Amino acid sequence: MNNDKRKKGVLVVILLAIISFGSFIATEPWYVSAASKYIKPNEFIKALVEELDLSVDSNHVDAAIKAGIVKDGEEFSSYLTRTEAAALLNRADEYLYGDTLDPKLVELTLEKRISDIRSIEEDKRPDVIKCYLKGFIKGYSNGKYSADRKFKGNIKMSYDGALKCIAMLKDRSLRAKISPDGQLIRTTNLPKNADKYPYILASYPNEYYDGWTFLFEGVTASTYDTETNQWKVRKLEHFKEWAYPFEIDKSTDIPNFAELKDKMLDVWVDKARTHLKTIFNADYRTIDEKWVETVLKTDYTYGYGKMEENTKKWIEKYVDRMKKNKTVIESDQIAIDRSSLYYYYGSYYLRTYVRYRVLSSEAVYENKTPYDTNDILYSSGHPICFNDFELGQWKECCFDICLGNYEAGNLGVMYVVFLEPFYTGRKGK
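For the rest of this paragraph, the subject is helix H11 (residues 289-297). All of the buried residues in H11 are Trp291, Val292, Val295 and Leu296. Along the axis of H11, the buried positions cluster into a sector of 135°, meaning they face one direction only. Looking at the packing, one finds that the buried side of H11 touches helix H10 (257-279), strand S6 (282-283) and helix H12 (306-324). The N-capping residue of H11, defined by a side-chain oxygen 3.2 Å from the backbone nitrogen of Lys290, is Asp288.

Encoded structure:
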């Protein structure tokens, strides 16, 4: 009887095993299930051809070759990669609409906006750049305040993702938005001040836009009335005395400013970035004449004779002071975006983010005025609140950079306006 029970027990176990095994083999194997997440090149090409309503004589690949979407003899991976998808999508887009992108924007994006572009086959780089600029494939973030993104071209394209991209060919509203200088625009979770800017960058956090007011906000002007011999308070005149970034083209201080801005804005941004990169990286042991000249060439007085001479003397006095105080200051990130340009009372301002630390300084600020704080950070003679720091502590700050207007088109840094710091709470690296 015990033997019969054992036999029955074995039989039950065998039956359970068969049932379990049967259930297992009735479903897709794990490797088939994983593979089905990704799309094969012929499946993607077929979907493209059908979306474009191309005539198919023999097969979909031949139809795509005839339309110039697939190159004759072109080889693909077993499963479509993001690079291959980008190439096919861009060619399909050009089949529909032509090549309409500005070559200068394509070149700028190739140089500055895709951080891993060199990992992509050289002959496919233009297609990848154009696909990104057209908003088909956004890439991956490189972190807060980054100006470029990773494309990760060797990753396999998911089936669902591929079909979503194909749907963007005719419905452009589904595409990502890209700024005039090739950066991804954010359209969700926007800052409170979003309506004051022409766009909001994906990599710039809301604190960049919401953390402080514009310099003209809450400001009034006073006009002397000769008839009553009294001062009258009035509001600032819109466009004549102030303008938000989204409406900067309407500012009236410089004639035909919109045309000038389109031509010169990148130059102004580069000047401001170079200026900050220089003054936030100063070492008393290595500072030299080249450092002085770099600061001078980004100043608004550069090229104006006596004014330039006085500015150079001011810079050299800073160098003397920082050497005496053994000052070392360094930064590891500086971010400026052209969309932040605003106007206030005869000057134009750019907002910037800086992450920096003071490694060495013997400067003492007791009983000194704000004008003396440039013993550590160079400033153009204007007050910068810079006396609250701890050696070695990384600090994040935003600044407004005032661009002087001595001659239209030759704007340079007039001074830097400290806004407000926020700490990383971390010392050292």
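Moving on, there is more to tell.
Our next topic: the packing of helix H3 (residues 41-51) against helix H8 (residues 159-167). The contact between H3 and H8 brings their axes to 10 Å, and the two run at 25°. By the angle between their directions, the pair H3 and H8 is classed as roughly parallel. Crossing handedness for the pair H3 and H8: right-handed. Where H3 abuts H8, its residues Glu43, Phe44, Ala47, Leu48 and Glu51 lie against Tyr159, Ala162, Leu163 and Ile166. Across the contact of H3 with H8, the residue classes tally to 7 nonpolar, no polar and 2 charged.

According to the stated counting rule, one finds 27 aromatic pairs in the structure shown. Between the aromatic rings of Tyr244 and Phe246, the centroid separation amounts to 6.4 Å while the plane-to-plane angle is 20°, which identifies the pairing as stacked. Since its relative accessible area comes to 45%, Phe246 is described here as partly exposed. Ring geometry for Phe257 against Trp268: centres 6.0 Å apart, planes inclined by 20°, an arrangement best described as stacked. When sorted by exposure, Phe257 lands in the same class as Trp268, which is buried. The cationic tip of Arg82 hangs over the ring face of Phe151; the distance from NZ or CZ to the ring centre is 5.2 Å. The ring of Tyr97 carries the charged tip of Arg172 above its face, separated from the ring centre by 3.8 Å.

This next bit is on the pairing of strand S3 (residues 220-225). Alignment of S3 against strand S4 (residues 230-235), held across 6 bridges, turns out to be antiparallel. Each residue of the ladder has a partner; that of Ala221, found in S4, is Arg234. In this structure, the hairpin formed by S3 and S4 is closed by a connection of 4 residues, where Asn229 is found at a positive phi of approximately 55°.

Quick look at the nonpolar core now. Side chains of nonpolar character tend, in soluble globular proteins, to be buried together. Ranked by size, the top nonpolar core spans 44 residues in total, and within it Trp268, Leu276, Phe280, Trp291 and Leu341 carry the most contacts. Counting residues per element, this core draws most heavily on H10, which supplies 9 residues. Listed in part, the 40 residues of the second largest apolar core include Ala64, Ala86, Ile117 and Val128.

It is worth spelling out the side chain of Asn90 at this point. With respect to the secondary-structure elements, Asn90 resides in helix H5 (residues 82-97). Residue class for Asn90 comes out buried when judged on its relative accessible area of 0%.

Now for the packing of H10 against H11. Angle between the axes and distance between the axes: these two values describe a pair of packed helices. Running from N to C, H10 and H11 point in directions that differ by 145°, and their axes come no closer than 9 Å. Like other packed secondary-structure pairs, H10 and H11 cross with a definite hand, here left-handed. Here Lys271, Thr274, His275, Thr278 and Ile279 of H10 lie close against H11, whose contacting residues are Trp291, Thr294, Val295 and Lys297. Residue composition of the contact of H10 with H11, grouped by class: 3 nonpolar, 4 polar and 2 charged.

The next point concerns the environment of Tyr224. Relative to the helices and strands, Tyr224 is located in strand S3. For Tyr224, a relative accessible area of 38% corresponds to the partly exposed category. Ignoring any residue separated from it by four or fewer positions in sequence, one finds Tyr224 in contact with Asn229, Gln230 and Trp231. A polar contact of 3.4 Å, which involves the side chain of Tyr224, links it to the side chain of Asn229.

Calculation rules
Residues numbered from 1 in each chain as written. Predicted model: local features only at pLDDT ≥ 70, side-chain atom pairs only at ≥ 80, totals over all residues. Heavy atoms only, no water. Buried < 20%, exposed > 50% of the residue type's maximum accessible area, 1.4 Å probe, protein only. Helix = DSSP H or I, 4+ residues; strand = E, 2+ residues; numbered from the N terminus. Arc of directions from axis to C-beta. Contact = heavy atoms within 4.5 Å. Polar contact = N/O pair within 3.5 Å; in protein donor to acceptor, adjacent residues only side chain to side chain. Axes fitted to C-alpha atoms, helices over the stretch in contact; angles between N-to-C directions. Parallel < 35°, antiparallel > 145°, perpendicular 65-115°, else oblique. Left-handed = near helix turned anticlockwise from the far one by under 90°. Nonpolar A, V, L, I, M, F, W, Y, C, P; charged D, E, K, R; others polar. Phe/Tyr/Trp six-rings, centres within 6.5 Å; stacked < 30°, edge-to-face > 60°. Lys NZ or Arg CZ within 6 Å of the ring centre and 35° of its normal. Pairing = 2+ DSSP bridges. Core = buried A, V, L, I, M, F, W, Y, C linked by side-chain atoms within 4.5 Å.

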